[in-house]
Amino acid sequence: LGQSGALLYYEFGPSAPATLQPDSQAGALAVADVTANGGVPDSAAGYSAGSGGQSVSANGWNGSTNFWQLAITIQPGLTLQITGVYFATRSSATGPTNWSLAYSADGYGSSLAGGGLRTNATFEAATATVATVAATNTLSVRLYGSGAASAAGTWRLDDLTVQGVIAVDPAANL
């Protein structure tokens, strides 16, 4: 058993409300709904250059602890290695100006990747290529947003892809 490439893909559905489960996923994974700041995100118009349809949207990005979250569980006896996260992003004029990617294995203590966000209400592609993040059980990945000028500022995500590798855990076969 082994699989590499796009392990999860979220289009967020063709119509409202947005679908919070992936449109495609590797069979060895179980995934909780995408959340925004621990709650259910809103639906909004999607990335027209990508899948179209719906995106997910949330506000309240004026702090430094606000995040989108994916909780991914791998089947026993296997390892999950995340190598990249790719997404379409749109920030309103008063929305977040920066993003960073962190994960639960280190208590979200270090940023794996990050970048700036344009606050022009136009979708653009973003890439988070990371050194391998590995897990043998549940791993949560958070995409933090910060620097919003107002709590009312919005951030939308669409066409979210998690790239990586699923392999047999050598420690499980001892």
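Residues numbered from 1 in each chain as written. Predicted model: local features only at pLDDT ≥ 70, side-chain atom pairs only at ≥ 80, totals over all residues. Heavy atoms only, no water.

Trainee: How should empty space enclosed by the protein be read in this particular structure?
Mentor: Empty space among the atoms becomes visible once a probe the size of a water molecule is rolled across them. In total, this model carries 1 cavity of 30 Å³ or more according to the counting rule given. In this structure, the largest cavity spans a volume of roughly 60 Å³. As for the largest cavity, its lining consists of Trp68, Gln69, Leu70, Val85, Leu101, Val141, Arg142, Leu143, Leu157 and Leu160. At the level of elements, strand 7 (66-74), strand 12 (138-146) and strand 13 (154-168) are the ones that each hand at least two residues to the lining of the largest cavity. Taken together, the residues of the lining of the largest cavity sort by class into 8 nonpolar, 1 polar and 1 charged. (1 Å grid on protein atoms, 1.4 Å probe; cavity = no way out; pocket = protein on both sides within 12 Å on 5 of 7 lines; lining within 4 Å. Points joined across faces, edges and corners; volume = space filled by probe spheres on them. Helix = DSSP H or I, 4+ residues; strand = E, 2+ residues; numbered from the N terminus. Nonpolar A, V, L, I, M, F, W, Y, C, P; charged D, E, K, R; others polar.)

Trainee: How should the side chain of glutamine 69 be read in this particular structure?
Mentor: Mapped onto the elements of the fold, glutamine 69 is located in strand 7. Exposure remark for glutamine 69: the relative accessible area of 16% places this residue in the buried category. For glutamine 69, the side chain forms a polar contact with the side chain of arginine 142, separated by 2.6 Å. Not counting residues within four places of it along the chain, the set of residues in contact with glutamine 69 comprises Asp33, Val34, Thr35, Tyr108, Ser140, Val141 and Arg142. (Buried < 20%, exposed > 50% of the residue type's maximum accessible area, 1.4 Å probe, protein only. Polar contact = N/O pair within 3.5 Å; in protein donor to acceptor, adjacent residues only side chain to side chain. Contact = heavy atoms within 4.5 Å.)

Trainee: Teacher, can you tell me more about the pairing of strand 7 here?
Mentor: Each regular strand displays side chains that alternate between the two surfaces of the sheet. Here strand 7 lies mainly inside the structure; 8 of its 9 residues are buried. Relative to strand 7, strand 4 (residues 35-36) runs antiparallel, the two being bridged by 2 bridges. Directly across from alanine 36, in strand 7, lies its bridge partner tryptophan 68. Two strands pair when backbone bridges link them, and strand 7 and strand 12 are joined in this way by 8 bridges, in the antiparallel orientation. Across the sheet, residue leucine 70 finds its bridge partner in strand 12, namely valine 141. (Pairing = 2+ DSSP bridges.)

Trainee: Just checking my understanding: could you explain unusual backbone geometry for this structure?
Mentor: Trans peptide bonds make up the majority, and among non-glycine residues the majority have a negative phi. With a phi close to 60 degrees, tyrosine 108 is a non-glycine residue in the positive phi region. For tyrosine 108, the location among the structural elements is in the loop between strand 9 (98-103) and strand 10 (113-116). Look at tyrosine 108 and you get partly exposed, because its relative accessible area is 22%. In this structure, aspartate 159 takes a positive phi of about 45 degrees despite not being glycine.

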